[in-house]
Structures are given as C-alpha cells and as structure tokens.
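The chain contents come next:
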Amino acid sequence: MGNKLSPISKAFLVLIFLILYAPIFFLVFYSFNSGGTMYDFKGFTMEWYKELFQDTRLLIIVLNTLVIALLSALIATIIGVIGAIGIRSFTSSKAKNTVLSLNNVLIVSPDVIIGASFLILFTMAGIKLGFYSVLLSHIAFSIPIVVLLVLPKLQEMSPTLIDAARDLGASRWDVLTKVILPYILPGVFAGFFMALTYSLDDFAVTFFVTGNGFSTLSVEIYSLARRGISLNINALSTLLFVVTLLLVVVYYFITQRVRQTGMGGKR
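Residues numbered from 1 in each chain as written. Predicted model: local features only at pLDDT ≥ 70, side-chain atom pairs only at ≥ 80, totals over all residues. Heavy atoms only, no water.

1. Regarding the overall build of the chain
- If you tally the helices and strands in the chain, you get 11 helices and 0 strands.
- When the helices and strands of the chain are read in sequence order from the N terminus, they spell out α-α-α-α-α-α-α-α-α-α-α.
- Seen through its C-alpha atoms, the chain measures out along the principal axes to roughly 70 × 60 × 30 Å.
- Evaluated residue by residue, the chain yields a buried proportion of 35% over its 267 residues.
- A separation threshold of at least 6 residues defines the contact pool for the chain, and within that pool the share at least 24 residues apart is 72%.
- Of the roughly 16600 Å² of accessible surface on the chain, a fraction of 69% belongs to carbon and sulfur atoms.
- Of the charged side chains in the chain, 19 are positive and 12 negative; the average position of the first set lies 9 Å away from that of the second. (Helix = DSSP H or I, 4+ residues; strand = E, 2+ residues; numbered from the N terminus. Buried < 20%, exposed > 50% of the residue type's maximum accessible area, 1.4 Å probe, protein only. Contact = heavy atoms within 4.5 Å. Areas by Shrake-Rupley, 256 points an atom, 1.4 Å probe, with all protein chains shown as cover. Lys, Arg positive; Asp, Glu negative; His and termini not counted. Charge placed at Lys NZ, Arg CZ, Asp CG, Glu CD.)

Next up, the structure:
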C-alpha cells in the first residue's frame, strides 16, 4: 500500500493515457473547425453543432438510442440480478460452474457471431427487424454482464445475514428487499451502468438486427463515415463522449453515496 510509483512508471502511464485519449481530443478539437476539414484548423465555430441539432432525423435516432439503452439496461439488470441470486443458490458446484461458464461464453463471444445468431433467430421466428429486435438483442447481451458484476457482491455476503433475518421472522420477500438487495446495491448499479454503456456504443450486434426505418447512433455514425469525412461526425462523437463522461461521474457519485450509506448503517 505504501509503495509509490517510480518516475518511469509515471511516465509510462502518461504515455498510455496520451495514446488512448489523443485521438479523442483530436476529434473534439476539429469539431469546432470552421474550415470543414480534419487537417487545417481555420477558426472556431459552432456551425457543426447547430447543423447537428437542426437535423430532425438524427434527433429521432438519438432518442431511439437512449430509449433502447435505458430500457435494455433496466430489464437486463432485473433479469441479471434474479439470475445471479439463482446461481448463488445452487448447492451443486458443478451446476454452478456450468451456468457461469455458459454466462461467460456469451461475454467473450465475438459480437459478429452474436449478431448473426440473433438475425437468424428473428428471421426464423418471423420477428420484424426494428425497435423490438434491437431491444431484445441488447437485453440478451447485457444480462451476462449484469450477472458477472452482481455475483461477486452476493458471494461476499455472509449467509448468516440471511439466517439471522429468517430467525427474526422475515419472509422471503423481506429477506430479498431488506437484506440482499441493499447489500448488493453497488453491484446492481455497476451492472446497470455497464449495460447502459454497452447498449449505447454497440455496433456489431445492432447492425445485424436493425431494420429499415430504425437506426441507432452507432449504426448512423458508421453510415455517415462511409460517405466521407464530415465534421458532423466529429460533433456527434464529441457529444457522445461528453454523455459517457457524465455517466461515469454519475455512477461514481452514486456508488460513493451507497458506500457511505452502507458504512453508516454498519455503525
């Protein structure tokens, strides 16, 4: 704990962060370029942002993306929490490890395979590609993420807490809502925000399951980029980056508040 980073380690960290963030800052910087190109900055302008907000079609796509992300994250969090509680209740370690392996396979599987699988499934089931196909796909690939983030909190919880609650006359619902959920709340928030960010920036799966007349920001940005370099893309990407930063900040403050509440409750 008392070890400090050496100057070489600090320099290496700075270099890594520069490599990671330099392209993003480059993109943000040129989103204010009045020259309209990515190589000759002629002056500061908000023209590209004004043009962005005047595009009604793009605003509808933004709304579609937010609705899909919020709904899929919420539903995936509910199902994922139930699934994590179910996995923890397994008495057989073999069954538990099997289910966890199946859950982890979905996380590490290539998005192209998952997207193609959903496309085949929806085609065979006769489900029209559009809002519902994208929503169902996002829920499906978000559930394993929620399970993976909630399960460690459940495993940290001592079984004596549940036994004590039952000895005091708590029902199963009381145990769930007043003992288990408050304890695993940091993991639930982590799962929700992770599912939200995965849904917001997913491209590969969405590209397979979206239909005519419906699109999300990731697919739209890809379509715009194929037409050629336009600073509209920079402006849109900058706004997405800012939204992501806000989500990270909100998540940080929520988790800090939950931890402080939990520590206050333990006292």
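Here the narrative resumes.
2. As for the UniProt feature "transmembrane region" (unreviewed entry) in the chain
- Look at the UniProt record and you will see "transmembrane region" (unreviewed entry) annotated at residues 12-32, 58-87, 99-125, 131-154, 175-197, 203-223 and 235-254.
- The span residues 131-154 is 100% helical and 0% strand by assignment, and the distance between its end C-alpha atoms comes to 34 Å.
- Across residues 203-223, helical content stands at 62% and strand content at 0%; the span's end C-alpha atoms are separated by 11 Å. (UniProt positions renumbered as here; feature names shortened; annotations may be inferred.)

3. Details of the side chain of serine 199
- Within the secondary structure, serine 199 is located in helix α8 (residues 172-201).
- Side-chain polar atoms of serine 199 contact the side chain of serine 72, separated by 3.4 Å.
- When near neighbours in sequence (up to four residues on either side) are disregarded, serine 199 contacts Ile68, Ala69, Ser72, His138 and Phe141. (Polar contact = N/O pair within 3.5 Å; in protein donor to acceptor, adjacent residues only side chain to side chain.)

4. Here we look at the side chain of serine 133
- Assignment of secondary structure puts serine 133 in helix α6 (residues 131-156).
- Polar side-chain contacts of serine 133 include one of 2.8 Å to the backbone nitrogen of glycine 130.
- Contact partners of serine 133, with chain neighbours within four places excluded, come to Phe122, Lys128 and Val209.

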